[in-house]
Amino acid sequence: MTYTFQFGVVGTNLGFLLSGIYATLYVTIAALAIGAVVGLVVGIGRLSKRRLLAALAGAYVEVFRNTPALVQLIWVYYCLPILTGINMSAAVSCTIALAVNGAAYMAEIVRGGIQSIDRGQVEAARTLGLSHFQTMRKIVLPQAFRRMIPPFVNESVALLKFSSLVSVLGVADLTYQAQVLSTTTFRPIEIFTFVAIVYFALCTVLSHCARLLELRLAVSD
Amino acid sequence: MVRVERVNKSFGALHVLRDIDLDVKTREVVVLIGASGSGKTTLLRCINCLEAIDSGRIWVDGVPMGFHDEAGVFKRDPERLLNQKRAQIGFVFQRFNLFSHMTALQNVALAPTMVKRMPRREAEELAAAQLARVGLADKLHAYPARLSGGQQQRVAIARALAMSPKLMLFDEPTSALDPELVGEVLEAMKQLADEGMTMIVVTHEMGFAREVGDRILFLHEGAILEEGTPEQMFNRPRQERTRTFLSKVL
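Now for a quick tour of the structure. (Residues numbered from 1 in each chain as written. Chains lettered and ligands numbered in written order. Predicted model: local features only at pLDDT ≥ 70, side-chain atom pairs only at ≥ 80, totals over all residues. Heavy atoms only, no water.)

A few points about the packing of aromatic side chains
(1) Moving on: Applying the stated criterion across every chain yields a total of 7 aromatic pairs over all chains.
(2) Moving on: Between the aromatic rings of Y22 of chain A and Y26 of chain A, the centroid separation amounts to 6.4 Å while the plane-to-plane angle is 20 degrees, which identifies the pairing as stacked. Here the residue Y22 of chain A and the residue Y26 of chain A both occupy positions in helix α2 (residues 14–46), the gap between them amounting to 4 residues, near one helical turn.
(3) Moving on: According to the relative accessible area criterion, Y26 of chain A is partly exposed, its value standing at 39%.
(4) Moving on: Aromatic pair F218 of chain B and F245 of chain B: ring centres 5.2 Å apart, planes at 45 degrees, arrangement tilted. With F218 of chain B in strand β11 (residues 215–220) and F245 of chain B in helix α9 (residues 240–249), the pair connects residues that are 27 residues apart, well separated along the chain. We note that F218 of chain B, like F245 of chain B, is buried. (Phe/Tyr/Trp six-rings, centres within 6.5 Å; stacked < 30°, edge-to-face > 60°. Helix = DSSP H or I, 4+ residues; strand = E, 2+ residues; numbered from the N terminus. Buried < 20%, exposed > 50% of the residue type's maximum accessible area, 1.4 Å probe, protein only.)

Following this line, the structure appears as structure tokens:
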């Protein structure tokens with residue numbers, strides 16, 4: 001092996017590299033939050049008795065699941081300002097793109113969660129005189145949310161990793177900083193190995209927090 | 001209290017209820033018996049509008065279920081009206097259907113707070129009283145998963161009673177229970193009957209039917225084939241099919 005690893009380059013530029021974590025977390029958390037809300041609405045929409053609403057929600061899921069996230073990112077960045085006349089920073093465009101993409105998967109998680117609740121729960125609530133909306137809010141969703149936590153964490157971890165795509169549009173996230181540093185130091189192997197470890201650490205922390213939440217909520221089951 | 005007139009109900013090609021007529025008086029306990037698939041459960045679900053009927057009319061305490069009279073024209077109830085009507089009828093399911101993410105107390109207090117807009121404290125006092133009534137004063141804060149089947153079903157009865165229903169419907173309330181737990185649920189139902197509650201009970205517990213029932217109805221293939229007092233039905237059934245059925249279950 002002729003290559004000599006020199007991980008010193010990571011140490012000397014640690015501050016510069018880690019400054020990318022901020023953008024990575026910002027984009028991921030904002031996209032997750034927006035995606036969860038949109039996903040909840042779309043997921044419930046897919047189960048609606050109103051055919052048009054269900055079809056629209058279904059179309060949304062299909063479109064965003066069946067096109068590459070990178071293409072959506074680029075599309076939002078270049079086309080949305082032209083169509084709407086609003087100019088957005090790359091970071092905002094990327095957040096929107098990741099949010100709408102994530103929402104499509106969230107919607108499926110929401111739908112699965114709701115459908116997994118026994119029909120008897122709904123019938124019991126309705127015989128007591130609760131309305132459809134009250135039944136959803138008090139009975140179905142609280143139970144469905146618990147079942148949605150594991151797939152939601154999966155999706156969050158996937159989104160955190162997908163956020164590396166924003167580097168393509170010049171958002172200074174972890175991956176972007178690594179690329180910049182690689183081109184100036186010619187040490188991509190060391191730098192990207194380190195970046196992989198940082199992503200791994202972030203994702204691991206995320207899954208463990210979720211596991212704790214799950215255990216806390218499991219008390220009544 | 002309950003009036004059912006020429007009710008028909010089909011699931012696809014399956015004709016489950018055929019021209020059912022039934023009158024239940026206030027304070028009366030009517031027991032529906034019959035083989036599985038005879039339409040007992042469906043009839044109960046139709047009275048509460050859990051299933052929409054295809055034809056006929058159902059009244060509970062003079063109020064038409066699922067329809068209302070609008071200047072002489074019968075119209076299908078909007079959701080809000082249906083909810084109001086349902087809130088006055090208690091329903092106890094075979095599989096309890098307790099809300100699994102809520103304690104016994106929360107299960108019972110939910111509908112009074114949500115539907116009757118009762119203040120939380122008042123609703124919880126009411127819930128505690130109802131649970132005490134079915135012998136569960138020491139299980140207020142237990143989650144359903146920590147309760148036996150018999151205890152769960154008694155919570156379900158308390159939950160229905162908390163809405164002060166005019167009528168209670170029981171759909172095979174003891175069929176999902178281990179044999180040693182059946183007694184405590186039947187005891188709670190018997191107590192309720194003694195207090196004068198109007199009840200329609202679908203059950204295979206013939207001892208209960210005989211002791212508590214005022215009237216027994218035998219359903220066969222979606223029609224009421226025979227009815228009478230427990231004494232008549234168990235000792236002198238007129239129909240051959242009733243005799244065959246009773247000989248199998250007694």
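Points about the interface of chain B and chain A
One frequently used descriptor of interface size is the decrease in accessible area upon assembly of the parts.
(1) Moving on: Each partner contributes residues to the interface: chain B has 27 residues there, and chain A has 23 residues.
(2) Moving on: Here chain B and chain A share an interface that buries about 2,100 Å² over both sides, 58% of which is from carbon and sulfur atoms.
(3) Moving on: A per-residue breakdown of the area chain B buries against chain A is headed by F99, H101 and M114 of chain B, which together make up 28% of the total.
(4) Moving on: In this structure, the connection of chain B to chain A is made through 2 salt bridges. (Contact = heavy atoms within 4.5 Å. Buried area = accessible area lost by both parts, 1.4 Å probe. Salt bridge = Lys/Arg side-chain N within 4 Å of Asp/Glu carboxyl O.)

A look at the packing of helix α4 (residues 120–133) of chain B against helix α5 (residues 149–161) of chain B
All names here are of chain B.
(1) Moving on: Orientation of α4 relative to α5, taken along the N-to-C sense of each, is 135 degrees, at an axis distance of 9 Å. It follows from the interaxial angle that α4 and α5 lie oblique. Judged by the twist between their axes, the crossing of α4 over α5 is right-handed. Contact residues: Q130, L131 and R133 in α4; V155, A158 and L161 in α5.
(2) Moving on: Here the residues of the contact of α4 with α5 are counted per class, giving 4 nonpolar, 1 polar and 1 charged. (Axes fitted to C-alpha atoms, helices over the stretch in contact; angles between N-to-C directions. Parallel < 35°, antiparallel > 145°, perpendicular 65-115°, else oblique. Left-handed = near helix turned anticlockwise from the far one by under 90°. Nonpolar A, V, L, I, M, F, W, Y, C, P; charged D, E, K, R; others polar.)

A short note on the packing of α2 of chain A against helix α3 (residues 51–65) of chain A
All names here are of chain A.
(1) Moving on: One way to put it is that α2 packs onto α3 with a least axis distance of 7 Å and a crossing angle of 130 degrees. Relative to α3, α2 is oriented oblique. In the packing of α2 onto α3, the handedness of the crossing is left-handed. Contacts between α2 and α3 involve V38, V42, G45 and R46 from the former and L53, A54, A57, G58, Y60 and V61 from the latter.
(2) Moving on: Here the residues of the contact of α2 with α3 are counted per class, giving 7 nonpolar, 2 polar and 1 charged.

Side note on the nonpolar core
All names here are of chain B.
(1) Moving on: L131, I157, M168, F170, M189 and M199 are the most contacted members of the largest nonpolar core, which totals 50 residues.
(2) Moving on: Ranked by residues supplied to this core, first place goes to helix α6 (residues 179–194) with 8 residues.
(3) Moving on: With near-sequence residues (within four places) excluded, M199 lies in contact with E28, V29, V30, L167, M168, F170, M189, L192 and A193.
(4) Moving on: Within the second largest apolar cluster, 41 residues are counted, among which are V2, A87, F91 and I200. (Core = buried A, V, L, I, M, F, W, Y, C linked by side-chain atoms within 4.5 Å.)

Some points on the environment of G228 of chain B
Residue and element names in this part refer to chain B.
(1) Moving on: Locating G228 in the fold gives a position in strand β12 (residues 223–228).
(2) Moving on: For the pair G228 and G183, spaced 45 residues apart in the sequence, the C-alpha separation amounts to 25 Å.
(3) Moving on: Not counting residues within four places of it along the chain, the set of residues in contact with G228 comprises R215, I216 and M233.

Notes on α6 of chain B
Residue and element names in this part refer to chain B.
(1) Moving on: Between the first and last C-alpha of α6 there are 24 Å, a value that for 16 residues agrees with the 22 Å anticipated at 1.5 Å per step.
(2) Moving on: Along α6, the residues classified as buried are L181, V182, V185, L186, A188, M189, L192 and A193. The buried residues of α6 occupy an angular sector of 155 degrees when projected down its axis, which confines them to one face. The exposed set on the far side of α6, more than 90 degrees from its buried face, consists of E180 and D194.
(3) Moving on: At its buried positions, α6 is contacted by β3 (29–33), α4, α5, β9 (167–171), β10 (198–202) and α7 (206–212).
(4) Moving on: With its phi angle positive at about 95 degrees, G196 sits one or two positions after the end of α6. (Expected span 1.5 Å × (residues − 1). Arc of directions from axis to C-beta.)

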